[in-house]
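Each chain, written out:
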Amino acid sequence: MTGTGIIALSSYLPGPSVGNSTVAEATGADTAWMEERIGIRSRHYARPQETTQDLATEAAHRLLQDVRTKADLIVLATVTPDQPVPATACLVQNRLGLTGVPAVDVNGACSGFVYALAYAHGLTLAGVSRNPLVIGADVFTRHVDQSDRRTAPLFGDGAGAVLLGPVPDGYGILGIELWAEGSQADYATVPPAGNGPFSMNGRGVSEVVLEMGPKVLNTALARAGVRLEQLERVIVHQANPSLVRKLADQVGLSDTVVPALGSRTGNTASASIPLTLDLSHQEKPLRHGDLVAFVAVGAGMTAGAAVVRWHGEG
């Protein structure tokens, strides 16, 4: 057992589904435009009393109750920590009863989960951890002006989690690539508390997605020694289904390989990759030996990709 792979996964979507008609009432945006132009039909909002730690804890609890393995590290990707200090991962650790287990937050925006996965994988290679719990969770809708027709239709809240563990050589995480460019930081921002909601240069963000998404994917594939056509599934950050489809077309991947499940979740920020992975796995279980890639581009600007050979059945 010389590799590190995903041995369990789960997700959590809070509250009831929120349809486009509800968003239209607040924003004045046309429901047909929301569905046809950006491809989103619904999303989920955290209940007023729910926090990031609530979402992260629920996703992790669903995972851990079905496995006998105890997590020995928690890495939480989030851009909506419950407070500046302590790390939300520590609050999750306490609620899961994982006394003494190291816990840390990672902020890579919508690429955060891939960064967190790389962080956890590195600590397994260093011998610090054997079974890291990697979570992506955000309540990003609380940083969005719900009357803004340009941004409000795009976002939802949610969480996803994976447990890593030893797998046979040739399986698990085969290659990872990370990137960031701080000169593009103003493309997508949430100002300091009290100074306004999330703002985004939509065209600028889309250009970076279509440029850097393929680049980080191709580099991760090269590091893994895998060809694009060998991929069984590619989990792309669900910025919106229309942009996911553009990226897939640019790379040369079909709809059957790239699920666009953001149509019913919206953009869930750090939760997007693990949430989409779990929902896709529920719809069509990954099989032993399948090659899977994760691709994300987020604020910062940041980007990340990972290639995994699936170990285990269903």
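The structure under discussion appears in the preceding block.
Here is what the cut-offs are and how they apply
- Residues numbered from 1 in each chain as written.
- Predicted model: local features only at pLDDT ≥ 70, side-chain atom pairs only at ≥ 80, totals over all residues.
- Heavy atoms only, no water.
- Helix = DSSP H or I, 4+ residues; strand = E, 2+ residues; numbered from the N terminus.
- Rg over C-alpha atoms; globule rule 2.2 N^0.38 Å.
- Buried < 20%, exposed > 50% of the residue type's maximum accessible area, 1.4 Å probe, protein only.
- Contact = heavy atoms within 4.5 Å.
- Lys, Arg positive; Asp, Glu negative; His and termini not counted.
- Charge placed at Lys NZ, Arg CZ, Asp CG, Glu CD.
- Phe/Tyr/Trp six-rings, centres within 6.5 Å; stacked < 30°, edge-to-face > 60°.
- Pairing = 2+ DSSP bridges.
- Salt bridge = Lys/Arg side-chain N within 4 Å of Asp/Glu carboxyl O.
- 1 Å grid on protein atoms, 1.4 Å probe; cavity = no way out; pocket = protein on both sides within 12 Å on 5 of 7 lines; lining within 4 Å.
- Points joined across faces, edges and corners; volume = space filled by probe spheres on them.
- Nonpolar A, V, L, I, M, F, W, Y, C, P; charged D, E, K, R; others polar.
- Axes fitted to C-alpha atoms, helices over the stretch in contact; angles between N-to-C directions.

Draft legend 1. Fine view of the overall build of the protein chain. Scanning the protein chain for helices and strands turns up nine helices and 13 strands. Computed over the C-alpha atoms, the radius of gyration of the protein chain is 18 Å, within 12% of the 20 Å expected from 2.2 N^0.38 for a compact globule of 314 residues. Taken over the C-alpha atoms alone, the protein chain extends approximately 55 × 45 × 40 Å along its principal axes. Taking all 314 residues of the protein chain together, 56% fall into the buried category. Put simply, 77% of the contacts in the protein chain that link residues at least 6 apart link residues at least 24 apart. Looking at charge distribution, the protein chain has the averaged site of its 23 positive side-chain charges lying 3 Å from that of its 29 negative ones.

Draft legend 2. Region of interest: the packing of aromatic side chains. Scanning the model with the defined rule gives three aromatic pairs in all. Between Phe140 and Phe155 the ring centres are 4.9 Å apart and the planes differ by 40 degrees, which places this aromatic pair in the tilted class. With a gap of 15 residues between them, Phe140 in the loop between strand S6 (132-138) and strand S7 (158-167) and Phe155 in the loop between S6 and S7 connect regions that are remote in the sequence. Here Phe140 falls in the buried class, since its relative accessible area comes to 7%. Residue classification places Phe155 among the buried residues on the basis of a relative accessible area of 4%.

Draft legend 3. Representation of the pairing of strand S13 (residues 302-309). Among the eight residues in S13, seven count as buried, and that is most of the element. What sits between the antiparallel neighbours strand S12 (residues 291-298) and S13 is a turn of three residues, in which Gly300 has the positive phi angle 140 degrees.

Draft legend 4. Structural context of the pattern of salt bridges. A complete count under the given rule lists 13 salt bridges for this structure. Here Glu50 ties to Arg47 by a salt bridge, and the two come within 3.6 Å at their closest N and O atoms. A salt bridge links Arg287 to Glu232; the shortest N-O distance between them is 3.7 Å. Placement of Arg287 in the loop between helix H9 (272-283) and S12 and of Glu232 in the loop between helix H6 (202-224) and strand S11 (233-236) is noted, with a sequence separation of 55 residues between them. Glu232 sits in the partly exposed class, given a relative accessible area of 21%. If you follow the salt bridges from partner to partner, you end up with Glu232, Lys284, Arg287 and Asp290 in one network.

Draft legend 5. Spotlight on empty space enclosed by the protein. Tallied over the entire structure, the rule returns two cavities of 30 Å³ or more. Quantified by volume, the largest cavity comes out at close to 80 Å³. Together, Val209, Val236, His237, Ala239, Leu243, Val244, Leu247, Val295, Ala296 and Val297 line the largest cavity. Of all the elements in the fold, those that place two or more residues in the lining of the largest cavity are helix H7 (241-251) and S12. In the lining of the largest cavity, the residues fall into nine nonpolar, one polar and no charged. As for the second largest cavity, its lining consists of Gly213, Pro214, Leu217, Val234, Val236, Leu247, Ala248, Val251, Leu253 and Val295.

Draft legend 6. Layout of the pairing of S6. For S6, a buried count of seven out of seven residues is recorded, marking the element as mostly surrounded by other parts of the structure. Burial along S6 is two-sided: Pro132, Val134, Gly136 and Asp138 facing one way and Leu133, Ile135 and Ala137 facing the other are all buried. When strand S4 (residues 73-77) meets S6, the two strands line up parallel, connected through five bridges. What sits directly across from Ala77, in S6, is Gly136. When S6 meets S7, the two strands line up antiparallel, connected through six bridges. Bridge pairing links Leu133 to Leu163 in S7.

Draft legend 7. Inspection of the sheet that holds S11 at higher detail. Across the sheet, which stays open at both edges, the four strands sit in the order S8-S13-S12-S11 with mixed pairing between neighbours. Here the strands that pair on one side only, and so sit at the sheet edges, are strand S8 (172-180) and S11. Across the sheet, the mean angle separating the axes of adjacent strands is 10 degrees when strand polarity is ignored. Of the strand pairs in this sheet, S8 and S13 are connected by eight bridges, and their pairing is antiparallel. Each bridged residue has a counterpart across the sheet, and for Gly172 the counterpart in S13 is Arg309. Across the sheet, H6 lies against S8, S12 and S13, angled at about 145 degrees from S8, the strand it touches most.

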